[in-house]
Amino acid sequence: MLTRRAILAGMAAMAAGPVAAAAGLQLLMVRRRGCVYCAQWDREIAPVYGRHPEGRAAPLLLVDRDGPWPDGLVLARRPWLTPTFILLQGGVEQVRVEGYPGRERFFEVLRDMLAQAG
């Protein structure tokens with residue numbers, strides 16, 4: 001389990017922006033048409049995603065569950081639940097969260113994903 005100090009240090013490093021982005025991090029959001037939780041995420045998180053340090057550290061990449069998929073992705077398995085959030089580093093899956101954790105927890109979950117990816 002991460003300590004509060006480690007989490008705060010990670011957040012401070014992410015606030016630097018270009019340093020974290022240079023590591024090739026991206027957040028892949030796998031979605032599908034008609035997904036009510038995807039629509040909820042669109043209303044609650046999408047408008048503010050890029051303004052958060054976590055959003056700057058892992059720019060968003062949206063993909064429909066049925067494709068087309070970007071070339072060169074290396075995933076542990078094909079997502080079937082939507083939304084699925086996959087943290088990529090250089091196109092390789094590092095951490096995955098299936099489902100939308102809600103407005104109150106989304107950025108906390110993303111911080112944990114970034115910490116797990118190192």
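An account of the accompanying structure is given in this report. Note that the coordinates shown come from a computational prediction; the quantities given were computed from them, not determined experimentally.

What about the nonpolar core?
Part 1: Counting residues in each nonpolar core, the largest one holds 21 residues, and the members touching the most others are Leu27, Trp41, Tyr49, Phe106, Leu110 and Met113.
Part 2: Contributing elements (two or more residues each) for this core: strand E1 (25-31), helix H3 (36-44), strand E3 (84-89), strand E4 (92-98) and helix H5 (106-117).
Part 3: If one sorts the elements of this core by residue count, H5 sits on top with 6 residues.
Part 4: When neighbours within four sequence positions are excluded, methionine 113 is seen to be in contact with Leu27, Phe85, Ile86, Leu87, Val95, Arg96 and Val97.
Part 5: Core analysis: the second largest hydrophobic core is formed by 5 residues, Leu28, Val30, Ile86 and Leu88 among them.

Notes on the side chain of glutamate 93
Part 1: In this structure, glutamate 93 sits in strand E4.
Part 2: Since its relative accessible area comes to 16%, glutamate 93 is described here as buried.
Part 3: Among the polar contacts made by the side chain of glutamate 93, one reaches the side chain of arginine 96 at a distance of 2.7 Å.
Part 4: The residues contacting glutamate 93, other than those within four sequence positions of it, are Val74, Leu75, Ala76, Arg77, Ile86, Leu87 and Leu88.

What counts and how
- Residues numbered from 1 in each chain as written.
- Predicted model: local features only at pLDDT ≥ 70, side-chain atom pairs only at ≥ 80, totals over all residues.
- Heavy atoms only, no water.
- Core = buried A, V, L, I, M, F, W, Y, C linked by side-chain atoms within 4.5 Å.
- Buried < 20%, exposed > 50% of the residue type's maximum accessible area, 1.4 Å probe, protein only.
- Helix = DSSP H or I, 4+ residues; strand = E, 2+ residues; numbered from the N terminus.
- Contact = heavy atoms within 4.5 Å.
- Polar contact = N/O pair within 3.5 Å; in protein donor to acceptor, adjacent residues only side chain to side chain.

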